[in-house]
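Geometric and topological summary
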Amino acid sequence: MKTTYQPLFESFRFKSGVELNNRLVMAPMTNFSSDEHGNVTDAEVSYYERRSDGVGLVITACTYVTENGKGFHGEFAAHKDEYIPSLSRLAKAIQAKGAKAILQIFHGGRQVPPALVPGGDVVSASAIGSDQNPGVTPRELTDAEIESIIRDFGETTRRAITAGYDGVEIHGANGYLIQQFFSPHANRREDRWGGSLENRLAFPLAVVREVKRVVAEHAKQPFAVGYRFSPEEQETPGITMEETFYLLDALSAEELDYLHVSLMEFDSKPRRGAEESKSRLAWILDRVAGRVPVMGVGSIKTPDDALKALETGAPLVAIGRELIIEPDWVRKVKEGREADIATTLTKDDQARLNVPDPLWQAIIHTPGWFPVVEAAK
């Protein structure tokens, strides 16, 4: 391995005591490949096994904590104890390859397709639709339902502990329910869960505190709790960088193991609420000021990209789509074969890469999502 890349392979220890053998993380990515009952499939396990050999940490695709929170076809379930064996199977497969396993937990809120939830009952902070789920107006959650969903996040955390995971990541990003409560676009409430910026933060913080309470009660060994967030929304009104700074201050006081910023490009510039003189990630790192580790992600393809992200001050680097294209990314860097890292796919690569059919269909039928080229003749 080139000495230049040595920083990527230094160990890292979370506040909780969970220790990683390097700074490289497999980012959470939906794969649409669980069975119709919400159980993890053989193809899904094979997909994760192929990519867990080398990275220090794997964050799973999101799993729903409440039956009416299912966001995707082929999403694996965690809202009942009967799914603990399925959850455990995935955790063990990841850990057997040497990586730590984090279960990402979420509720889809107003992004949920009506066909996936009982009675087509799509819910959110307020009865405000989303451009990402056109034609669907969610029902505003009652106070009692909000309290119930908070408990559901805790119950799913208990299942993750029982199933043997090394932690959970609270999915407060990408426009899902937790972000919807913080968003001035999705949350138009005038009760204790909305209105002021402080009230819009009440639900995210209540989820964090319930998850931490359950970990303190049930975990018998180190168990990490992370939080993923999106720094801005394109809607008006929508979350701005200025509001995200308020979120970061609040989350930094909760003694989380890490904050995971969701970005398409790790060096992208702010849209609103901060000057474009530096990247969103740089602004976030400045605001957090070392109070909690920040995980950076976004279009990292080469080890030089990963090193550049690490050099911003983010101690952990999450790699997403590139690990689908190149499952041996980490091993090739360690062996000094970074020139052999693939950054494009061909339509003949599915079997070689252990990609389940539903994910493969999404890849080849979503223009611009993945760089797909013609196979060599």
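We now turn to the structure provided with this report. Given the structure is predicted, the values throughout are model-derived calculations rather than measurements. Residue positions are given per chain, counted from 1 along the sequence in the order it is written. Predicted model: local features are reported for residues with pLDDT of at least 70 only, side-chain atom pairs are reported and counted for 80 or more only, and whole-chain, interface and lining totals are derived from all residues. Just so you know, side-chain values use all the structure's heavy atoms and leave hydrogens and water out.

1. Points about unusual backbone geometry
T236 connects to P237 through a cis peptide bond whose omega is -5°. Relative to the helices and strands, P237 is located in the loop between β9 (224-229) and α7 (241-252). Backbone geometry places F32, a non-glycine residue, at a positive phi of 60°. By the element assignment, F32 lies in the loop between β3 (24-26) and α1 (42-52). Burial status follows relative accessibility: with a 1.4 Å probe on protein chains alone, a residue under 20% of its type maximum counts as buried, one over 50% as exposed, and anything between as partly exposed. Since its relative accessible area comes to 27%, F32 is described here as partly exposed. Residue N354 is not a glycine yet carries a positive backbone phi of 55°. Here N354 shows up in the loop between α12 (350-353) and α13 (357-364). N354 gets classed as partly exposed once you look at its relative accessible area, which sits at 26%. Here a strand is any run of E in DSSP of at least two residues, a helix any run of H or I of at least four, and the numbering for each starts at the N terminus.

2. Section: the packing of helix α3 (residues 143-163) against helix α6 (residues 202-218)
The relative placement of two packed helices is expressed as an angle between their axes plus a distance between the axes. Only the contacting stretch of a helix is used when fitting its axis, a line to C-alpha atoms as for every element, and angles between N-to-C directions run 0 to 180 degrees. Relative orientation of the contacting elements α3 and α6 amounts to 35°, with a least axis distance of 9 Å. Between α3 and α6 lies a crossing of right-handed hand. Between α3 and α6, the contacting residues are I146, I149, I150, R151, F153, G154, T157, R158 and I161 on the first element and F203, A206, V207, E210, V211, V214, V215 and H218 on the second. Residue classes in the contact of α3 with α6 are distributed as 11 nonpolar, three polar and three charged. Definitions for this section: a left-handed crossing has its near helix turned counterclockwise from the far helix by less than a right angle. A right-handed crossing has that turn clockwise. A contact between two residues is defined here by any heavy atoms of the two lying within 4.5 Å. Under the scheme applied here, ten amino acids are nonpolar (Ala, Val, Leu, Ile, Met, Phe, Trp, Tyr, Cys and Pro), four are charged (Asp, Glu, Lys and Arg), and all others, including Gly, are polar.

3. A closer look at the packing of aromatic side chains
A pair of Phe, Tyr and Trp rings is counted when the ring centres sit within 6.5 Å of each other, with Trp represented by its six-membered ring. The angle between the planes then sorts it: under 30 degrees is stacked, over 60 is edge-to-face, the rest tilted. Inspection of the entire model under this criterion finds 10 aromatic pairs. Relative to F72, the ring of F32 lies with its centre 6.1 Å away and its plane at 75°, an arrangement referred to as edge-to-face. On the criterion of sequence distance, the pair formed by F32 in the loop between β3 and α1 and F72 in the loop between β4 (57-64) and α2 (84-95) is long-range, its members being 40 residues apart. By relative accessible area, F72 is classed as buried at 17%.

4. Let's talk about the environment of E36
Position of E36 among the secondary structure elements: in the loop between β3 and α1. For E36 and D249, which are 213 residues apart along the polypeptide, the C-alpha to C-alpha distance reads 40 Å.

5. Quick look at the nonpolar core
Within the largest apolar cluster, 98 residues are counted, with the highest numbers of intra-cluster contacts made by Y165, I170, F203, V211, Y227, L259 and W329. Buried residues of nine kinds, namely Ala, Val, Leu, Ile, Met, Phe, Trp, Tyr and Cys, make up a nonpolar core once their side-chain atoms join them within 4.5 Å. In terms of nonpolar packing, the next biggest core, distinct from the first, is built from 15 residues, I102, A224, Y258 and A318 among them.

6. Considering the packing of α7 against helix α8 (residues 280-288)
Between α7 and α8, whose axes approach to 10 Å, the crossing angle comes to 40°. Of the possible angle classes, the one that applies to α7 and α8 is oblique. Two packed elements cross with a definite hand, and for α7 against α8 that hand is right-handed. On α8, the residues touching M241, F245, L248, D249 and S252 of α7 are R280, W283, I284, R287 and V288. Reported orientations rely on four angle classes, namely roughly parallel under 35 degrees, roughly antiparallel over 145, roughly perpendicular from 65 to 115, and oblique for the rest.

7. Points about the sheet that holds strand β5 (residues 100-106)
With respect to topology, eight strands assemble into a closed barrel ordered β3-β4-β5-β8-β9-β10-β11-β12, the strand pairing being parallel. Averaged over all adjacent pairs, the angle separating strand axes in this sheet is 30°, with direction ignored. Pairing between strands requires that DSSP locate at least two bridges from one strand to the other. Pairing analysis gives six bridges linking strand β8 (residues 167-172) to β9, with the strands arranged parallel. When the bridges of β9 are listed, V168 appears paired with V225. Against the sheet, α1 makes contact with β3 and β4, and its axis sits at roughly 155° relative to β4, the strand it touches most. α8 rests against β9, β10 (258-261) and β11 (294-297) of the sheet, and its axis sits at about 180° to β11.

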